[in-house]
Amino acid sequence: MEQVQGVISVAGRRQVLKPEECYSGFKCAVKEEDGLGCEAGENCVCLQFAAHSKNESFARMVAAAYVAQLNPTLEELADIKTAVSEAVTNAVIHGYGDGDGVICMRFDIAGSEICIEVEDWGMGIADIMAAMEPMYTTRPDMERSGMGFAFMEAFMDELEVHSLKNCGTFVRMRKKIGGGASALEGESPA
């Protein structure tokens, strides 16, 4: 039986996780909610949507709206939107192969750091380390660039990827927002 595999990248340095450190919440169908994830903070948001390419822009806009409470710079906002776009696109194209499926996104803020999780219950990744290499793609027929994980890794402070073949993939991304002031509290960035 295949085991969940995991890789964490902090500041571009990758480390393979031990099996006991891997996220093991995969079920080969949409799971019942067993908590919102991302440490389930007091302002955690979770949503599910159909795994269709047309929903990628929806995911980007939700991410942008959620992180707005931290007053991100335009560059930070663009980084987050790009990383979310890549994670969702990977789930649609590589997770479900353009077939039917569901993607779950979770957002949480702790201090000045946003945590974003993107999860699918699709095909999974056979070799995460290989998949994270620039130019690697399982869909050369679609002229895919193979830069999804490279972009996520470059634009976020931390990237964590867990996958189980034929059960799905879980991606957690974290980014510290410069000012860290909450728009909801009426503060301005430093």
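Refer to the structure printed above.
Please read these numbers as outputs of a predicted model, since none were measured by experiment.

Caption draft 1: Representation of the overall build of the chain in the model. Within the chain one finds 4 helices and 7 strands. The linear arrangement of helices and strands in the chain, starting from the amino end, is β-β-β-α-α-β-β-α-α-β-β. In the chain, which comprises 190 residues, the proportion classed as buried is 48%. A separation threshold of at least 6 residues defines the contact pool for the chain, and within that pool the share at least 24 residues apart is 68%. Within the structure as shown, the chain displays about 9400 Å² of accessible surface, and the carbon and sulfur contribution to it stands at 52%.

Caption draft 2: Expanded view of the environment of Leu 159. Tracing the backbone shows Leu 159 in strand 6 (residues 158-164). For the pair Leu 159 and Ile 8, spaced 151 residues apart in sequence, the C-alpha separation works out to 5.8 Å. Setting aside anything within four residues of it in sequence, one finds Leu 159 in contact with Val 7, Ile 8, Ser 9, Met 132, Phe 149, Met 152, Glu 153, Val 171, Arg 172 and Met 173.

Caption draft 3: Molecular detail of helix 1 (residues 56-67). With 12 residues, helix 1 should reach 16 Å at 1.5 Å per residue; the first-to-last C-alpha distance of 17 Å fits that figure. Those residues of helix 1 that are buried lie in contact with strand 3 (45-50), helix 2 (74-95), strand 4 (102-110) and strand 5 (113-120).

Caption draft 4: Summary view of the sheet that holds strand 3. Taken in spatial order, the 7 strands of this open sheet run 2-1-6-7-5-4-3, and their pairing is antiparallel. Each of the sheet's edge strands pairs with one partner strand only, and the pair in question is strand 2 (13-16) and strand 3. The average undirected angle you get between the axes of adjacent strands in this sheet is 15 degrees. Taken together, the 8 bridges between strand 5 and strand 7 (residues 168-176) define a ladder with antiparallel strand orientation. Across the sheet, the residue bridging to Asp 120 is Thr 169, located in strand 7.

Analysis parameters
- Think of each chain on its own: its residues are numbered from 1, step by step along the sequence as written.
- Selection of residues for local features in this predicted model requires a pLDDT of at least 70, selection of side-chain atom pairs for listing and counting requires 80 or more, and totals for whole chains, interfaces and linings are taken over all residues.
- Side-chain numbers here rest on the full set of heavy atoms in the structure, without hydrogens or water.
- Secondary structure follows DSSP: runs of H or I at least 4 residues long count as helices, runs of E at least 2 residues long count as strands, and numbering of each begins at the N terminus.
- The buried label applies to any residue whose accessible area, calculated with a 1.4 Å probe on protein chains only, is under 20% of its type's maximum; exposed applies above 50%, and partly exposed to all values in between.
- Should any heavy atoms of two residues lie within 4.5 Å, those residues are counted as being in contact.
- Under the convention used here, a 1.4 Å probe and the Shrake-Rupley method define accessible areas, while residue burial counts only the protein chains that appear.
- Given the number of residues in a helix, its expected span is that number minus one, multiplied by 1.5 Å.
- Only strands joined by at least two bridges in the DSSP assignment are considered to pair.
- Angular values range over 0 to 180 degrees, each being the angle between N-to-C directions of two axes fitted as lines to C-alpha atoms, with helices fitted over their stretch in contact.

By themselves, these are just geometric observations and shouldn't be taken as functional.
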